[in-house]
Protein chains: 6
Amino acid sequence: MREIFTARVEPSKASVQGGRHARDGSADESFAHLVDGFRRFRAEVYPEQQALFARLAKAQQPRAMFITCADSRIVPELITQSSPGDLFVTRNVGNVVPPYGQMNGGVSSAIEYAVMALDVQHIIVCGHSDCGAMKAVLDPAGLQRMPTVKAWLRHCEVARSLVEQNCSCTAGEALGVLTEENVVAQLDHLRTHPSVAARLAGGQLSIHGWVYCIETSEILAYDAGTGRFAPLDGDGPLPVATPAPRYLQA
Amino acid sequence: MREIFTARVEPSKASVQGGRHARDGSADESFAHLVDGFRRFRAEVYPEQQALFARLAKAQQPRAMFITCADSRIVPELITQSSPGDLFVTRNVGNVVPPYGQMNGGVSSAIEYAVMALDVQHIIVCGHSDCGAMKAVLDPAGLQRMPTVKAWLRHCEVARSLVEQNCSCTAGEALGVLTEENVVAQLDHLRTHPSVAARLAGGQLSIHGWVYCIETSEILAYDAGTGRFAPLDGDGPLPVATPAPRYLQA
Amino acid sequence: MREIFTARVEPSKASVQGGRHARDGSADESFAHLVDGFRRFRAEVYPEQQALFARLAKAQQPRAMFITCADSRIVPELITQSSPGDLFVTRNVGNVVPPYGQMNGGVSSAIEYAVMALDVQHIIVCGHSDCGAMKAVLDPAGLQRMPTVKAWLRHCEVARSLVEQNCSCTAGEALGVLTEENVVAQLDHLRTHPSVAARLAGGQLSIHGWVYCIETSEILAYDAGTGRFAPLDGDGPLPVATPAPRYLQA
Amino acid sequence: MREIFTARVEPSKASVQGGRHARDGSADESFAHLVDGFRRFRAEVYPEQQALFARLAKAQQPRAMFITCADSRIVPELITQSSPGDLFVTRNVGNVVPPYGQMNGGVSSAIEYAVMALDVQHIIVCGHSDCGAMKAVLDPAGLQRMPTVKAWLRHCEVARSLVEQNCSCTAGEALGVLTEENVVAQLDHLRTHPSVAARLAGGQLSIHGWVYCIETSEILAYDAGTGRFAPLDGDGPLPVATPAPRYLQA
Amino acid sequence: MREIFTARVEPSKASVQGGRHARDGSADESFAHLVDGFRRFRAEVYPEQQALFARLAKAQQPRAMFITCADSRIVPELITQSSPGDLFVTRNVGNVVPPYGQMNGGVSSAIEYAVMALDVQHIIVCGHSDCGAMKAVLDPAGLQRMPTVKAWLRHCEVARSLVEQNCSCTAGEALGVLTEENVVAQLDHLRTHPSVAARLAGGQLSIHGWVYCIETSEILAYDAGTGRFAPLDGDGPLPVATPAPRYLQA
Amino acid sequence: MREIFTARVEPSKASVQGGRHARDGSADESFAHLVDGFRRFRAEVYPEQQALFARLAKAQQPRAMFITCADSRIVPELITQSSPGDLFVTRNVGNVVPPYGQMNGGVSSAIEYAVMALDVQHIIVCGHSDCGAMKAVLDPAGLQRMPTVKAWLRHCEVARSLVEQNCSCTAGEALGVLTEENVVAQLDHLRTHPSVAARLAGGQLSIHGWVYCIETSEILAYDAGTGRFAPLDGDGPLPVATPAPRYLQA
């Protein structure tokens, strides 16, 4: 049984090979790039915004909650030109909002905290083009090795069923339709959360469904009245996903 | 039973009051601010980086996975001066990484996807100063109205127990110690994920534990060798949280 | 340790006291009443409907799915004057429809079966006056001894929050408002089920939200357009809870 | 991406086509039939039983809890000739009673409520002939599209295993045996509920296992003493499923 | 923030204090005692039983499955004078057998493995006197700091309810009655497991419920016929907990 | 439907065939062997250790917690030559320690109880040679009929992934490597439990990872410093799996 262990690294040797463990150049470079970025932030960016950071040191009052995909190509603060303190952000594979149930996790906690503790007045659910999660929903074969992702994407099953049964679109079009329907479905899930439903009913909270296109920088926003997505920066009135409030506030 | 409904908004009236539902100025201003930011992004920022966005349109190859708090004051791309495409980001209340179990959710899915589908070589768990989640762990009375958050923060119970039983620090110091120990605990949780453990053993993945100070812009990084946090941009060698790989790769 | 067992029944003695175990008269009478009813059904009712039962022996094609409370005062077939074969019925405490999640139970299974296997075209969620579950939601003190019911009623938390935060009604009115809002909330939950959402989008399924008044026999039905409940048998058009279908069927 | 949306309904057009959305005649007829039934109930049935409904307006005291399948062909009040107020009813696919565990749902809540809040003295678990759920247990291939139903029917796995390993019956006979064994298994599950076990031990509660035959109107009842089912309306003593009480009540 | 870290051990110093970390004598002695015991086993016991161990090296065929408490005072092999290879053992706080459900864990897995893979023909559930778990069920105040244990002991809730509602015994007697009723309840849970139920029905498996008294070495065994516990080594026939098999094997 | 019941045993006949149900000789012999062993224990062993048992009657103070496989060939007290009262033992298929999460079961409860209520100072996780669970992890085809075991062994997935991706060993060697890595993984899981982490940090608890060889009686123990297993009874210092404590106790 002994000899198979020769495959294992002697920790001391590993150290000798450069740092705690030998890595190919690119991995080390990736991390060095981040650390260099941080040094640049401290030296160049932070001093200019020191007043902002001092003000933020003890409290946050975000303008909105932003729920989007973990995808590296989406930078919420960049595409809304927001500053630190503006967006309360939760991100996961597929910009999923599980419905409120008996087992609640990270997204549900973030929603409850945003509404109850921070009093956010807007929640944006933002999908995006070329989304790996949406591709996996359409073609789940690749999820064989990823059982956790597969289970998670059951929260997109509602959108998948809807598209499969209703959309006569081509394979090429399906990804776009699914991405939109997934945003609509997650907005529906959002409304099952007590904190959200209570404030929607009283008109103290707005919800928004966006799809961001990486290549063109376009954002399409869901309009519940027409049941369609329209450009966020179009000429007409803003698309509105928020249901009409059913109670008047004094 | 009828008359109580007079408290409800007539949807038609609400529309009259301006848009779909009447809101006080500040809520509308908050959202207008975001839309204006988006217009600015499209008009001014996007054109300059069009080549980058075109290249990113069909694929992502992030340098690292970044797990941090949903807090609006943390902007991962800002503090690492990263570009779109650099950081695969998942965020939740308390920068929690639930251990791999029989019920896995959003964070676990993001980890599996980052490692298995995107081959990230670095995972950073980043806590921060003045964290509302850490304050709630220390003083859970305020969580009475937030049962979902309370349940979620059981994943920080390991850090809370550790601090309570071992730290003779003052109340003022406890928040800082807990914030650090929470990062250490979430790194331990991270190692229970099969995809992570397998690549750590082979030296193909590094993990990092950071605490970012909003006020001073300092980042402290965990060093497993000394069991302490040290400045990420200090003079000595980089703090290393990654355990020694136990298998040599051919 | 021995002597405490004297409190236990000698099974043989119990038998002697009349049947398998001695019961006070009323319990035995209750059951005898049911068995007598069954004998009457066989002798008098069944022979008249034998053709119907013969036709139903091998298949069902219900007109609608009926989701209502387990309350003994609600008899769905009575209040809709339906025959065997007409209504696919699921009943539980509080006419709850849990949202579709990762842990699905009896109600979710019944919905999936009704839509996918039986192709029902209508789903009715029916609450009622004087509902013990709704009273318990308003005054949970009585649930101390009933932890299972308490956990189940978390699915009504969304309605409770909504009423608590928005309704300026008196204690007496609150029960009625909550009962209605609970029906609305369960309709929202219903829409998170993939089978339901897909057919709603294509206009192949309608959903209905009713509140039945035991004392007056009135049924109020939810109208999504006005956000209000109106008499099911009123003079105007039928109240419609079904969202507009977003896809045209060829 | 735009043109694929042409497949979607213009809500305004849909309205024009008759009501909120155009449906083929039969779906509308189904619903009209229910509404007509309700009008008939109000006009003809309710007035005759107004005294009963007035008495029931503020309380229920059901004679028994009735747990049966959601199947439209089973009408508990019809086959026992019961009135409103007599039967506390919970129904689901396969007349399942999940055992009491750490995750409890609708059936468990209904049981706890019936016993603790309503003091029911009888619980009947009633299966039936030609049961779709039992057929699916025997031939699960059809459940491929119904993952929720499939998961739910794991609660019938105990009966399936038992029949598979012990019954040398033909395929034709298997459905009947499984239907009976499923009732026996659900009775065993029922006994794991604390409220049930406590009252069974003291002789304050009786449990009954029935199988109703749609075609012949026969009910077979389980007798624990012989381990067999016998006609509920036979000449001999009533079949008894209730275990002997192990404690004497003072 | 820095100075609070002075409370932490310098790992290098800790090493100096003797081994990897300084411990008081008794902890080190406890472990040395185990290692010494192991040396004695290798030197003295193993050589005498080498033939047995050689035979066991490649397979096990246990005579029974033994489910008992984790309590250190219970040594199943000692009290049954069994050899290695005789007893397949699973142990937990309170000798609990969770019912078979949708979430199954370690005990359920062990049962399935014992019956399906090892074909055990007997399963013994063994409680014991002075059981800390049973004391905690009677007086849960001490569980405040142990939320996991508290949740686990919900599987004993059925026994607790039964005793509370039926037993007029003194506080001193309650522990003994509860310990017995808990064994009965776990036997009922055992029967909900498909593998167990199937073999019980066919008479291929027997189940046994024991309570072992640490002080007197007595074992009381449950007899389902009388509903009582009787000495395992008494003069009469063996107490039998196994239900009568309902199917004959060819 | 009637005649199929002829396959069932008449309980009265079964009794006649010898005891409550007819079994082949070997099953009865197996049980008689256990009862005979118990008689021998009472007659011969207990009298000699009566003082010990009297002392243990009212309390336990175990030297260590022992977590091992349910395998019948492992007798913890035998291989450590321990007495009743020495080892707090929990056993399951594969000596699994699920990580601390939101759903905790038997193993987690036993750990919490051992640390919080009994103040154990050592926890040993002990795997073994020829482990059926480890074989099933390597070759899961055999688990088809055992869905519960299959789900449980997901807690070993982390070890399986690690071995699969890193070990270039032969099929013959894989079982040994997996057995060791599984112990390492379960030690990592152990550290996610709050009670364990808190005491490890303060140096009040030690953890140990062993692999016991049935055939040779050898125990290999994990040493975290070298990342390897070494003989527990070797000449050098004891292998140490406990991480360095990070807090000094006053």
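In this text the structure is predicted, and so the values were computed from the model without any measurement.

What follows concerns the overall build of chain A. Summing up its helical and strand segments, chain A has 10 helices and 6 strands in all. Expressed as a percentage of the 250 residues in chain A, the buried residues total 58%. Of the contacts formed within chain A by residues at least 6 apart in sequence, a portion of 61% connects residues at least 24 apart.

The next thing to look at is unusual backbone geometry. The backbone of Asn95 of chain A shows a phi angle near 40°, a positive value even though the residue is not glycine. Tracing the chain through its elements places Asn95 of chain A in the loop between strand 2 (87-92) and helix 5 (106-117). Classification of Asn95 of chain A by C-beta neighbours within 10 Å gives buried; the count is 31. Phi angles above zero are rare outside glycine, and Asp119 of chain C is one such case at about 55°. Along the chain, Asp119 of chain C falls in the loop between helix 5 (106-117) and strand 3 (122-128). By the C-beta count within 10 Å, which is 12 here, Asp119 of chain C ends up exposed.

On to the environment of Trp210 of chain E. All names here are of chain E. By the secondary structure assignment, Trp210 is in strand 4 (residues 206-212). In this structure the C-alpha to C-alpha distance between Trp210 and Gly127, which are 83 residues apart in sequence, comes to 6.2 Å. Beyond its immediate chain neighbours, meaning those up to four positions away, Trp210 contacts Ile124, Cys126, Ile219, Leu220, Ala221 and Leu232.

With that settled, consider the packing of helix 8 (residues 157-166) of chain A against helix 9 (residues 171-190) of chain A. Residues and elements named next belong to chain A. With their axes 8 Å apart at the nearest point, helix 8 and helix 9 run at an angle of 135° to one another. By the angle between their axes, helix 8 is oblique relative to helix 9. Helix 9 is crossed by helix 8, and the crossing has right-handed handedness. Across the interface between the two elements, Val158, Ala159, Arg160, Leu162 and Val163 from helix 8 touch Ala174, Val177, Leu178, Glu181, Asn182 and Ala185 from helix 9. Split into classes, the residues belonging to the contact of helix 8 with helix 9 amount to 8 nonpolar, 1 polar and 2 charged.

Let's shift gears to the environment of Ser206 of chain E. Residue placement: Ser206 of chain E occurs in strand 4. Residue classification places Ser206 of chain E among the buried residues on the basis of 26 C-beta atoms within 10 Å. Through-space distance from the C-alpha of Ser206 of chain E to that of Val120 of chain E is 9.3 Å; in sequence the pair is 86 residues apart. Not counting chain neighbours up to four residues away, the residues in contact with Ser206 of chain E comprise Gln121, His122 and Thr242 of chain E together with Phe31 of chain F.

Here the focus is the interface of chain A and chain B. Facing 90 residues of chain A, the contacting portion of chain B comprises 90 residues. Put simply, the parts of the chain that give the side of chain A that touches chain B at least two residues each are helix 1 (11-16), helix 2 (25-45), helix 3 (50-56), helix 4 (76-79), strand 2, helix 5 and helix 7 (147-152) of chain A. The element best represented in the side of chain A that touches chain B is helix 2 of chain A, accounting for 12 residues. Split into classes, the residues belonging to the side of chain A that touches chain B amount to 46 nonpolar, 25 polar and 19 charged.

A separate point is the relation of the copies chain A and chain C. Between chain A and chain C, the superposition needs a rotation of 180° and an axial shift of 0.0 Å, giving an RMSD of 0.0 Å. Expressed as a symmetry operation, the mapping of one chain copy onto the other fits a two-fold axis. Distance from the rotation axis, computed per C-alpha, reaches its smallest value in chain A at Pro99 of chain A: 3.1 Å. When the interface residues of chain A are mapped onto chain C, 100% of them again fall at the interface, so both copies present the same face.

The next thing to look at is the relation of the copies chain A and chain B. When chain A is fitted onto chain B, the two copies agree to an RMSD of 0.0 Å after a turn of 180° and an axial shift of 0.0 Å. Here 100% of the interface residues in chain A have copies in chain B that are interface residues too; the copies meet face to matching face.

Opposite the 30 residues of chain A that make contact, chain C presents 30 residues. Among the secondary structure elements, those contributing two or more residues to the side of chain A that touches chain C are helix 8, helix 9 and helix 10 (194-201) of chain A. Per-element accounting of the side of chain A that touches chain C gives the leading share, 6 residues, to helix 8 of chain A.

Here helix 8 (residues 157-166) of chain F lies mainly inside the structure; 7 of its 10 residues are buried. Among the residues of helix 8 of chain F, those classed as buried are Val158, Ala159, Arg160, Ser161, Leu162, Val163 and Asn166 of chain F.

All names here are of chain A. Across 4 bridges, the pairing between strand 5 (residues 219-223) and strand 6 (residues 228-231) is antiparallel. Bridge pairing in strand 6 places Leu220 opposite Pro231. Following strand 5, the chain reverses through 4 residues before pairing antiparallel with strand 6; Gly227 in that reversal takes a positive phi of roughly 70°.

Our focus in this paragraph is the nonpolar core. Counting residues in each nonpolar core, the largest one holds 461 residues, and the members touching the most others are Ile123 of chain A, Trp210 of chain B together with Ile123 of chain D. Residue contacts for Ile123 of chain D: discarding those within four places in its chain leaves Ala64, Met65, Ile67, Leu190, Leu205 and Ile207 of chain D.

Here we take up the packing of helix 10 (residues 194-201) of chain D against helix 8 (residues 157-166) of chain E. Between two packed helices, the angle of one axis relative to the other and the distance separating the axes together describe the packing. Between helix 10 of chain D and helix 8 of chain E, the shortest axis-to-axis distance is 8 Å and the interhelical angle comes to 40°. Classified by the angle between their axes, helix 10 of chain D and helix 8 of chain E sit oblique to one another. Considering only the axes of helix 10 of chain D and helix 8 of chain E, their crossing is right-handed. In contact with Pro194, Ser195, Ala197, Ala198 and Ala201 of chain D of helix 10 of chain D, helix 8 of chain E contributes Glu157, Val158, Ser161, Leu162, Gln165 and Asn166 of chain E. Class assignment of the residues belonging to the contact of helix 10 of chain D with helix 8 of chain E gives a composition of 6 nonpolar, 4 polar and 1 charged.

On to the pairing of strand 2 (residues 87-92) of chain B. All names here are of chain B. The element strand 2 is largely enclosed, with a buried count of 6 among its 6 residues. Judged by which residues are buried, strand 2 turns out to be covered on both faces: Leu87, Val89 and Arg91 on one side and Phe88, Thr90 and Asn92 on the other are all buried. Relative to strand 2, strand 1 (residues 64-69) runs parallel, the two sharing 6 bridges. Bridge pairing links Cys69 to Asn92 in strand 2.

With that settled, the discussion passes to helix 9 (residues 171-190) of chain D. Between its first and last C-alpha atoms helix 9 of chain D spans 29 Å; for 20 residues at 1.5 Å apiece the expected length is 28 Å, and the two agree. Across the 20 residues that make up helix 9 of chain D, a large majority, 17, are buried.

It is worth spelling out the confidence of the model for chain A at this point. Residue and element names in this part refer to chain A. The pLDDT averaged across chain A works out to 88; a share of 88% of its residues lies at or above 70. Confidence drops under pLDDT 50 across residues 1-24; counting only partners more than four residues distant or on other chains, this segment forms 42 contacts. Model confidence for the complex: the whole-complex pTM is 0.90, and ipTM, which rates the interface, is 0.90.

Right, let's talk about the environment of Glu157 of chain C for a bit. Residues and elements named next belong to chain C. Residue position: Glu157 is located in helix 8 (residues 157-166). Classification of Glu157 as partly exposed rests on a count of 19 C-beta atoms within 10 Å. Taking the C-alpha atoms as reference points, Glu157 and Asn182, separated by 25 residues in sequence, lie 8.8 Å from one another.

Definitions and limits used
- Every chain begins its residue count from 1, and numbering advances along the sequence as written.
- Chains carry letters and ligands carry numbers; both start at the beginning, A for chains and 1 for ligands, and go up in the order they are written.
- Since the coordinates come from a predicted model, pLDDT governs what is reported: local features require at least 70, and pairs of side-chain atoms require 80 or more to be given and counted, while whole-chain, interface and lining totals use all residues.
- Helix and strand definitions here come from DSSP, where helices need a minimum of 4 consecutive H or I residues and strands a minimum of 2 consecutive E residues; each element is numbered from the N-terminal end.
- Three exposure classes are used. Buried residues have 20 or more other C-beta atoms within 10 Å of their own C-beta, exposed residues have 12 or fewer, and partly exposed residues fall in between, all C-beta atoms being placed from the backbone.
- We call two residues in contact when their backbone-placed C-beta atoms lie within 7 Å.
- Between the N-to-C directions of two axes lies an angle of 0 to 180 degrees, each axis being a line fitted to C-alpha atoms and, for a helix, fitted only over the stretch in contact.
- Reported orientations rely on four angle classes, namely roughly parallel under 35 degrees, roughly antiparallel over 145, roughly perpendicular from 65 to 115, and oblique for the rest.
- Crossings are assigned a handedness: left-handed for a near helix turned anticlockwise from the far helix by less than a right angle, right-handed for a clockwise turn.
- Polarity classes work like this: nonpolar for Ala, Val, Leu, Ile, Met, Phe, Trp, Tyr, Cys and Pro, charged for Asp, Glu, Lys and Arg, and polar for all others, with Gly in that last group.
- Our superposition of the copies is a least-squares fit, built on the C-alpha atoms of residues whose pLDDT is at least 70 in both.
- A pair of strands is labelled paired if DSSP reports no fewer than 2 bridges between them.
- Connectivity within a nonpolar core runs through C-beta atoms within 7 Å, and the core itself is a set of buried Ala, Val, Leu, Ile, Met, Phe, Trp, Tyr and Cys residues.
- Each residue after the first adds 1.5 Å to the expected span of a helix.
- Note: pLDDT gives the predictor's confidence per residue, expressed from 0 to 100.

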